[in-house]
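Architecture at a glance
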Amino acid sequence: MSYILLLTSSPRAESLSTDIAVDLAGKLQSQKAGSVVVRRDLAANPLAHINDLFTGAIRKPADARTAEENEAAKISDELVNELLAADTIVIGTGLINFNIYSSLKSWIDNVARAGLTFKYTENGPVGLATGKKVYVVLASGGVYSQGPAAGMNHAVPYLKTVLGFMGITDVETIYVEGLAFGPEAAEKAVGAAKARAEELALAA
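These notes cover the structure that comes with them. The model shown is predicted, which means the values in this text are computed figures rather than measured ones.

Cut-off values and rules
Along every chain, residues carry numbers that run from 1 in the direction the sequence is written. In view of the model being predicted, local features appear only for residues whose pLDDT reaches at least 70, and side-chain atom pairs are presented and counted only at 80 or more, with totals across whole chains, interfaces and linings using the full set of residues. With hydrogens and water stripped out, all remaining heavy atoms of the structure feed into the side-chain values. Here a helix means four or more residues in a row that DSSP labels H or I, a strand means two or more in a row labelled E, and each is numbered from the N terminus. For every residue, the accessible area obtained with a 1.4 Å probe (protein chains only) is divided by the maximum for its type, and the residue is called buried under 20%, exposed over 50%, and partly exposed between those limits. Two strands qualify as a pair provided DSSP detects at least 2 bridges between them. Here, the term right-handed applies to a crossover whose path from the first strand over the helix to the second runs clockwise when the strands point away from the viewer. By convention, a stacked pair of Phe, Tyr or Trp rings (six-membered ring in the case of Trp) has centres within 6.5 Å and planes under 30 degrees apart, an edge-to-face pair has planes over 60 apart, and any other such pair is tilted. Between two residues, a contact is recorded if the distance between any of their heavy atoms is within 4.5 Å. What counts as a salt bridge is simple: a side-chain nitrogen of Lys or Arg found within 4 Å of a carboxyl oxygen of Asp or Glu. Axes, fitted as lines to C-alpha atoms, cover a helix only where it is in contact. Angles between the N-to-C directions of the axes lie from 0 to 180 degrees. Should an angle lie under 35 degrees it is considered roughly parallel, over 145 roughly antiparallel, and from 65 to 115 roughly perpendicular; all remaining angles are considered oblique.

As a further point, take unusual backbone geometry. Trans peptide bonds make up most of the peptide bonds, and negative phi angles are found at most residues other than glycine. You will see that Asn-97, though not glycine, has its phi angle at about 50°, which is positive. Relative to the helices and strands, Asn-97 is located in the loop between strand E3 (88-94) and helix H4 (102-111). Taking relative accessible area as the criterion, Asn-97 reaches 70% and is therefore assigned exposed. The phi dihedral of Phe-98 falls on the positive side, at around 75°, and the residue is not glycine. Tracing the sequence through the fold places Phe-98 in the loop between E3 and H4. Assessed through its relative accessible area of 35%, Phe-98 is described here as partly exposed.

So, about the pairing of strand E7 (residues 170-176). Two strands pair when backbone bridges link them, and strand E6 (residues 133-139) and E7 are joined in this way by 7 bridges, in the parallel orientation. Within E7, the residue paired with Val-136 across the bridge is Thr-173. In this fold, the crossover linking E6 to E7 by way of helix H5 (residues 155-165) has right-handed handedness.

Before going further, it helps to spend a moment on the packing of aromatic side chains. A complete count under the given rule lists 4 aromatic pairs for this structure. Measuring from ring centre to ring centre gives 5.4 Å for Phe-118 and Tyr-120, while their planes differ by 80°; the resulting arrangement is edge-to-face. Phe-118 gets classed as buried once you look at its relative accessible area, which sits at 7%. Grouping aromatic residues by their ring pairs yields a cluster made of Phe-118, Tyr-120 and Phe-165.

Within the secondary structure, Leu-24 is located in helix H1 (residues 16-31). Taking the relative accessible area as the measure of exposure, Leu-24 reaches 0% and is therefore buried. Not counting residues up to four positions away in its chain, the partners in contact with Leu-24 are Val-90, Tyr-135, Ile-174, Ala-197 and Ala-201.

This paragraph deals with the pattern of salt bridges. Enumeration over the complete set of coordinates arrives at 13 salt bridges. Salt-bridge contacts for Lys-27 lead to Glu-198; the nearest nitrogen and oxygen are separated by 3.7 Å. In this pair, Lys-27 is assigned in helix H1 and Glu-198 in helix H6 (residues 183-203), connecting sequence segments 171 residues apart. For Glu-198, a relative accessible area of 33% gives the class partly exposed. Across the pair Arg-39 and Asp-41 runs a salt bridge whose closest N-O atoms are separated by 3.7 Å. Connected via shared salt-bridge partners are Lys-133, Asp-170, Glu-172, Arg-196 and Glu-199.

What follows deals with the packing of helix H3 (residues 67-85) against H4. As a packed pair, H3 and H4 sit with axes 8 Å apart at the nearest point and diverge in direction by 90°. What the angle tells us is that H3 and H4 run roughly perpendicular. Counted together, Ile-75, Ser-76, Leu-79, Val-80 and Leu-83 of H3 and Trp-107, Asn-110 and Val-111 of H4 form the full contact between these two elements.

Here it is as C-alpha cells:
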C-alpha cells in the first residue's frame, strides 16, 4: 500500500499553499490504486516546541525512559513512524520572513531523530528515511524562485538540506508566487501552480 503524508502549515483560512497541496495529494492518490493520504494540519493542531524533557527522552531507549519522558516523546515517535511509512510527502507552506512557518519547523524538530531518521557514522551522517518523493508547495507575496529576491528564499534550501540530511533527496517545488502584485498576477500564479501540480501528478 502507498502512503502519502500531507503536511499543511499555513494559519490562513484561505491558504493557497494548503489548497494546492491538498489538491496535489488527492491527484497523487488517484494515480495509485489503494493509496492512503495521512494528513497533519500543523496550523490547526500545532505541535509543542521541543524542551529539555523531550531532548532528554529521545536520547534514551523507550524502556529506559520514565513515564513522563515516554509521554514527552510519544508524539515524536508517532510522527517519525508516519514519515518512515510514507513513500510520498506533500508539504504546503507559505514563505514568512524568508523561511517556513514555525509550525512546520516544529514538525521537523520532532522527526529529525538520531538513530531513527539519520545516524552518525565514522564517515559522517547517513540518512535513514530514504526512498521518498517530496513535493513542496510554497506560496509567497513576492517572487523568490528567481530574480533579485531569490537569495532571500531560505525556505526551499532549508527544506532540501534537512530532508536530505534524513536521506530524502528527491524534492520538487511548486511555487505560488507574486501573489501581492495584484489580482491578475495572483490569478496567473495560481493557474501556473495548479498546472505544475497537475503535470507532476501525472508524471508520478
